[in-house]
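# Geometric and topological summary
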Amino acid sequence: MTRNVFTLADAAREFARHPSPWMIGTVLIVAVVARIGAGDWQLTDALVPVAMLMIFPFFEWIVHVVVLHWRPRTFGRITVDSRLARDHRKHHADPRDIPLIFIPWRALLWILPAAAAVALLVFPRLGLGLTFLSFLTVLALCYEWCHYLIHSDYKPKTRAYRSVWRNHRQHHFKNEHYWFTVTSAGTADRVLRTHPDPATVRTSATTKNLHAATAAR
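Residues numbered from 1 in each chain as written. Predicted model: local features only at pLDDT ≥ 70, side-chain atom pairs only at ≥ 80, totals over all residues. Heavy atoms only, no water.

- In the annotation of an unreviewed UniProt entry, the entry for the protein reads Fatty acid hydroxylase domain-containing protein, and the organism field reads Mycolicibacterium frederiksbergense.

Rendered as structure tokens:
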């Protein structure tokens, strides 16, 4: 008999086959070990993750709108168009292409060192910077897992996940101009007014072809 149910275990095995989770996970382990070694625990080490949880949906929204949905621009002979934006357009063209679901590993080669530099140079205490880096990589892993799961064959089992699943799939299959959050169901979208009633929004003809002239809002 052919098994048709795609389980969380199936999803986890596929997830572990891709470089992005391993790269982020490695930085997470190093950051946690370094944080424990640094000691100097203070109240701010508890406040930073709380603040990051509150900010993350808005950070996710900004990156999605400004970076991933970047429209290529030409200045003289130079065209500004990042790998992240190019790969995201490919992701919209084929949301089932699994490698395109993940943050490109080549981009992580500079994103992860940049995050480490922020942790080490911006914060007033080494321990606090390492707390930031540890929790940032936790959020990044959660983002990768959630984004992958939404695009996989795993079917929502809970009301909370069904809301997140529906929110992101509306962005891909209803209208690419709305529903930009991935790991939450319309948090930043509601505040920033990109979470309309789906019944009032026309189905876009360009969800698979970003920036085409016939985009429908």
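From this point, the narrative continues.
## Describing helix α6 (residues 126-151)
- For α6, which comprises 26 residues, the first-to-last C-alpha distance of 38 Å matches the rise-based estimate of 38 Å (1.5 Å per residue) to within 8%.
- Within α6, 20 of the 26 residues are buried, leaving the element largely enclosed by the surrounding structure. (Helix = DSSP H or I, 4+ residues; strand = E, 2+ residues; numbered from the N terminus. Expected span 1.5 Å × (residues − 1). Buried < 20%, exposed > 50% of the residue type's maximum accessible area, 1.4 Å probe, protein only.)

## Let's talk about the state of the cysteines
- Using the criterion set out here, one finds zero disulfides in the structure.
- The structure places no disulfide on C142, whose sulfur is separated from the nearest cysteine sulfur, that of C146, by 8.5 Å.
- On the basis of relative accessible area, C146 is assigned to the buried category, the value being 12%. (Disulfide = S-S within 2.5 Å.)

## Digging into the UniProt feature "domain: Fatty acid hydroxylase" (unreviewed entry) in the protein
- As annotated in UniProt, the feature "domain: Fatty acid hydroxylase" (unreviewed entry) corresponds to residues 50-194 in the numbering used here.
- Summarising residues 50-194: 64% helix, 4% strand, and an end-to-end C-alpha distance of 24 Å. (UniProt positions renumbered as here; feature names shortened; annotations may be inferred.)

## Focus on the packing of helix α1 (residues 8-15) against α6
- Running from N to C, α1 and α6 cross one another at 120°; their axes reach a closest spacing of 11 Å. As summarised for this structure, α1 and α6 are arranged oblique, according to the angle between their axes. As for how α1 packs across α6, the hand of that crossing is right-handed. Here α1 contributes L8, A11, A12, E14 and F15 to the contact with α6, which in turn contributes L141, E144, W145, Y148 and L149.
- By residue class, the composition of the contact of α1 with α6 is eight nonpolar, no polar and two charged. (Axes fitted to C-alpha atoms, helices over the stretch in contact; angles between N-to-C directions. Parallel < 35°, antiparallel > 145°, perpendicular 65-115°, else oblique. Left-handed = near helix turned anticlockwise from the far one by under 90°. Contact = heavy atoms within 4.5 Å. Nonpolar A, V, L, I, M, F, W, Y, C, P; charged D, E, K, R; others polar.)

## Some points on a positive patch on the surface
- The grouping of R83, R86, K90 and R106 at the surface amounts to a positive patch.
- Ranked by the residues each element gives to the positive patch, the list is headed by helix α4 (residues 83-93), at three residues.
- With respect to the helices, strands and loops of the structure, R83 is situated in helix α4.
- Since its relative accessible area comes to 34%, R83 is described here as partly exposed. (Patch = residues over 30% accessible without salt bridge, like charges linked within 9 Å, V, L, I, M, F, W, Y side chains within 5 Å. Areas by Shrake-Rupley, 256 points an atom, 1.4 Å probe, with all protein chains shown as cover. Salt bridge = Lys/Arg side-chain N within 4 Å of Asp/Glu carboxyl O. Lys, Arg positive; Asp, Glu negative; His and termini not counted. Charge placed at Lys NZ, Arg CZ, Asp CG, Glu CD.)

## Overview of the UniProt feature "transmembrane region" (unreviewed entry) in the protein
- Within the UniProt annotation, "transmembrane region" (unreviewed entry) is assigned to residues 21-38, 50-70, 98-123 and 129-150.
- End C-alpha atoms of residues 21-38 are separated by 25 Å, and the span's content is 100% helix alongside 0% strand.
- The span residues 50-70 shows a helical share of 90% and a strand share of 0%, and its end C-alpha atoms are spaced 30 Å apart.

## Some words on the packing of aromatic side chains
- According to the stated counting rule, one finds ten aromatic pairs in the structure shown.
- Here the aromatic rings of W61 and F180 are separated by 5.8 Å at their centres, their planes lie at 80°, and the arrangement is edge-to-face. Pair noted here: W61 is in helix α3 (residues 44-68) and F180 is in the loop between α7 (159-173) and α8 (187-191), with a separation of 119 residues, a long-range link.
- Here W145 and Y148 contribute two aromatic rings whose centre-to-centre distance is 6.3 Å and whose plane-to-plane angle is 45°, an arrangement assigned as tilted. Highlighted residues: W145 and Y148, both in helix α6, separated by three residues, approximately one helical turn.
- Classification of W145 as partly exposed rests on a relative accessible area of 26%.
- Overall, the relative accessible area of 1% leaves Y148 in the buried class.
- In textbook terms, an aromatic cluster arises when at least three aromatic residues are bridged by ring pairs, as seen for F15, F102, W145 and Y148.
- The lysine or arginine in question, R35, covers the ring of W41, its NZ or CZ lying 3.7 Å from the ring centre.
- Lying across the ring of W70, R73 places its NZ or CZ 4.2 Å from the centre. (Phe/Tyr/Trp six-rings, centres within 6.5 Å; stacked < 30°, edge-to-face > 60°. Lys NZ or Arg CZ within 6 Å of the ring centre and 35° of its normal.)

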